[in-house]
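Okay, here's what each chain looks like letter by letter:
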Amino acid sequence: MQRIDVDGVPVFTAPGPERVSAALVFGVGIRDETYATLGITHLVEHLVMGALPKSHLECNAMVDVATTSFMATGRPEAVVAFLEQVCRALADLPTHRIALETGVLQAENCPGAHPTAAVLWGARLRLAGPGLAVAGGGVPGVLTERQVLEHARRWFVRRNAALVWHGPRPEGLRLPLGEGWRTVRPVPRPRPQTGPVWTTGPTAGVGLLVRSEQDDPALDVALDVLEERVRDLARHQRGLSYCVESVSVDTGDARELALLVDAREDQEAAVARLVWDAYRGLAECGPTWAEVAHAVAGRMQSADGGDDAVAADLSRAALDELADRPARTSDDVLAAWQSVTPG
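Here the residue index of a chain counts from 1 through its sequence in written order. The predicted nature of this model means local features are confined to residues of pLDDT at least 70 and side-chain atom pairs, given and counted, to a pLDDT of 80 or more, with totals for whole chains, interfaces and linings taken over all residues. Derived side-chain values reflect all non-hydrogen atoms in the structure, with water molecules and hydrogen atoms excluded from consideration.

### Description of the sheet that holds strand β7 (residues 206–212)
Two strands in a sheet stick together by hydrogen bonds in their backbones, pointing the same way (parallel) or opposite ways (antiparallel). Strand order in the open sheet formed by 3 strands is β7-β9-β8, and the pairing between neighbours is antiparallel. In this open sheet, the two strands that pair with only one neighbour each are β7 and β8 (244–250). Sheet twist, expressed as the average angle between the axes of neighbouring strands with direction ignored, equals 20°. A pair of strands is considered paired only if DSSP assigns at least 2 bridges between the two. Under the DSSP-based scheme used, a helix requires at least four consecutive residues in state H or I and a strand at least two consecutive residues in state E, with every element numbered from the N terminus. Pairing geometry for β7 and strand β9 (residues 255–261), over 7 bridges, is antiparallel. Looking across to β9, one finds that R211 is bridged to E256. Packing of helix α4 (residues 115–125) onto the sheet brings it into contact with β7, β8 and β9, and relative to β7 it is tilted by some 50°. Helix-sheet contacts for helix α7 (residues 268–285) involve β7 and β9, and the interaxial angle to β7 is about 30°. Axes here refer to lines fitted to C-alpha atoms; in helices the fit is confined to the stretch in contact. Angles between the N-to-C directions go from 0 to 180 degrees. Note on definitions: a residue-residue contact is assigned when non-hydrogen atoms from the two residues lie within 4.5 Å.

Below, the structure is given as structure tokens:
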């Protein structure tokens, strides 16, 4: 992996297949909106994509809680043209299409975050930062042209962007983004609590949220072990659930890590009991050596996945850049995991 600069934008690039994959990522998402401007980032993304000429290039864009990404896969020259077109569209948004694209967003009705994770973040952080995702995050209300342009000029700038490029080194790449500074996000204040808290919310399934004030490989391994325990119990032994996964979000002063478990209809309470008992058992007794070894082996396998592992390293580097964190490679993460013991 190499880091180069193009027009003031950091570009993380690595050799790969002739069919290039690239993603222009901006450090702005649902967490950077307000209740009154929910959906404005998604609207900017739609205005940009709607301004591009018709093409057979495989391309897309997405908005999540913390980032907005414009992605393309294809011949290098076609991907280069796509990225430049995105930048130029951001500099000259077709705001006459605001009403039309708002209708498209209403049809799409994309929440922008896992609904159970959104409920957990909302319970912890209220309608601030990632907690705002609980309000829906997909369909804007009445937004003026001025609001949309100000949002784009504040967030979609070169100092708040990073590019991932996986394939032959880009030739003739230009990224003509506007000037501006990376906005310092306010740190949302969590609700005060003196012990575990449970809540109900408008979502199917069960979630468990754990807060960590720093990167903690031991906690990451523990949650991997917890995923395996819950999957064995809820899916394989009881047939109550299908999917067990986890997501995390950085709030500026901490990490919020969520375990997400779906549930058969009317079986949420049974699944919640399984999750809580598994969590308490792990907290009180810890994992076995076999469970830690299994977690580390899974990390080793994902770090040795060829092009997929390279793409993951590039994406992680871009996200670390936008979060002002030191870049971490798969080898760095693996070494940290390998140092974890059951104790």
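### Here we look at a nonpolar patch on the surface
A contiguous nonpolar surface patch, about 310 Å² in accessible area, is contributed by Y35, L127 and V134. Buried means the residue's accessible area, taken with a 1.4 Å probe over protein chains only, is under 20% of the maximum for its type, while exposed means over 50%, and partly exposed covers the values in between. Here L127 falls in the partly exposed class, since its relative accessible area comes to 47%. Candidates for patches are residues over 30% relative accessible area with no salt bridge; among them, like charges are joined within 9 Å and nonpolar side chains (Val, Leu, Ile, Met, Phe, Trp, Tyr) within 5 Å. To measure how exposed things are, a 1.4 Å probe is used in the Shrake-Rupley method; for residues, cover is taken only from the protein chains shown. Definition used for salt bridges: Asp or Glu carboxyl oxygen within 4 Å of a side-chain nitrogen of Lys or Arg.

### Some points on unusual backbone geometry
Phi at R126 takes a positive value of approximately 60°, unusual for a residue other than glycine. Within the element layout of this structure, R126 appears in the loop between α4 and α5 (145–155). Phi angles above zero are rare outside glycine, and D266 is one such case at about 70°. On the secondary structure map, D266 appears in the loop between β9 and α7. On the accessibility criterion, D266 (65% relative accessible area) is exposed.

### Considerations on the environment of A327
Along the chain, A327 turns up in the loop between α9 (307–322) and α10 (330–338). Through-space distance from the C-alpha of A327 to that of R316 is 7.4 Å; in sequence the pair is 11 residues apart.

### Here we look at the packing of aromatic side chains
Each pair of aromatic rings taken from Phe, Tyr and Trp, with Trp reduced to its six-membered ring, is defined by centres within 6.5 Å and is described as stacked if the planes are under 30 degrees apart, edge-to-face if over 60, and tilted in the remaining cases. One pass over the structure, following the stated rule, counts 3 aromatic pairs. Centre to centre, the rings of F26 and F70 are 6.2 Å apart; their planes meet at 85°, and the pair counts as edge-to-face. Separated by 44 residues along the polypeptide, F26 in strand β3 (residues 20–26) and F70 in strand β5 (residues 68–74) bring together distant segments of the chain. This pair shows no difference in class: F26 is buried, exactly as F70 is. A connected cluster of aromatic rings, assembled from ring pairs, spans F26, F70 and F156. Only lysine NZ and arginine CZ atoms are considered, and such an atom sits over a ring when it is within 6 Å of the ring centre and within 35 degrees of the ring normal. Over the ring of W181 we find R159; its NZ or CZ atom is 4.1 Å from the centre of that ring. Sitting over the ring of W337, R299 keeps its end group 4.6 Å from the ring centre.

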